[in-house]
Amino acid sequence: MEDIKLSCNSMLDDDKVFITLALSISKKSKCIKRQVGAVVVKMGRVVSTGYNGPPAGNYNCNKDFFETGCPRTSSNGCSYALHAELNAIVFAYKNNIDLIGVTIYITLSPCIDCAKLIYITGIKKVVFLHKYSEYKKLDKEEGIEFLETFGVTVYNFSTEKIPIL
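Worth saying up front: this structure is predicted, and the values here are computed from it rather than measured.

Caption draft 1: Layout of the state of the cysteines. Applying the stated criterion across every chain, the model contains 0 disulfides. Here C111 stays free of any disulfide, with the sulfur of C114 as its closest cysteine sulfur at 3.7 Å. Exposure remark for C111: the relative accessible area of 9% places this residue in the buried category.

Caption draft 2: The side chain of T107, seen in detail. Relative to the elements of secondary structure, T107 occurs in strand β3 (residues 103-108). Judged by its relative accessible area of 4%, T107 is buried. Of the polar contacts made by the side chain of T107, one reaches the backbone nitrogen of G37; its length is 3.0 Å. For T107, the contacting residues outside a window of four places in its chain are A22, L23, S26, Q35, V36, G37, L129 and H130.

Caption draft 3: Fine view of helix α6 (residues 142-149). For α6, the full list of buried residues reads G143, I144, F146 and L147. The buried residues of α6 occupy an angular sector of 160° when projected down its axis, which confines them to one face. Contacts from the buried residues of α6 go to α4 (112-121), β4 (125-130) and β5 (153-156). Taken from the residues just after α6, G151 is the one with a positive phi, measuring 85°.

Caption draft 4: Representation of the pairing of β3. With 6 of 6 residues buried, β3 is to be regarded as a mostly interior element. Bridge count for strand β1 (residues 37-42) against β3 is 4 bridges, and the pairing is antiparallel. Note that in β3 the partner of V39 across the bridge is Y105. Pairing geometry for β3 and β4, over 5 bridges, is parallel. In the strand pairing of β4, I106 is matched with F128. For the crossover that starts at β3, traverses α4 and ends in the parallel β4, the hand is right-handed.

Caption draft 5: Structural detail: the packing of aromatic side chains. Tallied over the entire structure, the rule returns 5 aromatic pairs. Judged by centre distance (5.3 Å) and plane angle (45°), the rings of F18 and Y105 are tilted. Placement of the pair is F18 in helix α1 (residues 11-26) and Y105 in strand β3, with a sequence separation of 87 residues. Taking the centre distance of 6.0 Å and the plane angle of 85° together, the rings of Y119 and F146 count as edge-to-face. Taken as a pair, Y119 in helix α4 and F146 in helix α6 lie far apart in primary sequence, 27 residues in all. Look at F146 and you get buried, because its relative accessible area is 18%.

Rules used in this analysis
- Residues numbered from 1 in each chain as written.
- Predicted model: local features only at pLDDT ≥ 70, side-chain atom pairs only at ≥ 80, totals over all residues.
- Heavy atoms only, no water.
- Disulfide = S-S within 2.5 Å.
- Buried < 20%, exposed > 50% of the residue type's maximum accessible area, 1.4 Å probe, protein only.
- Helix = DSSP H or I, 4+ residues; strand = E, 2+ residues; numbered from the N terminus.
- Polar contact = N/O pair within 3.5 Å; in protein donor to acceptor, adjacent residues only side chain to side chain.
- Contact = heavy atoms within 4.5 Å.
- Arc of directions from axis to C-beta.
- Pairing = 2+ DSSP bridges.
- Right-handed = clockwise from strand over helix to strand, strands pointing away.
- Phe/Tyr/Trp six-rings, centres within 6.5 Å; stacked < 30°, edge-to-face > 60°.

Here you go:
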């Protein structure tokens, strides 16, 4: 991995570190369709991480559904998988970590349901790498629009600003 030079006062450098970490975390996902990672940061420190997949101890898509992926819902979503940001938020709450005012870094922008969860937990900033709407071939970014409507800062971190993993 390319060296990342940091300066103490540069928010962009912090964003680069945490979005790169989210990309690394995404590699833990067993999803055969899309690996997504999330990192929750509070006061410059990682307090939680998550990646997409079924609840712990259940299926692994790359073993149990290796050809087609897990069964689909009526809206064509994964029927067993939890989204990366949901897993990161649940882990934080299970460990009594207050999420008010934190930043979440996600490799894929949040869907509308995850956006609602992000908002109600008090997360104030979302930094994402790729657009959910492009992945799902949707007309608009419902999750981003929801968050911006309710005052959450949303930032699309360009892939040109990160090292190749």
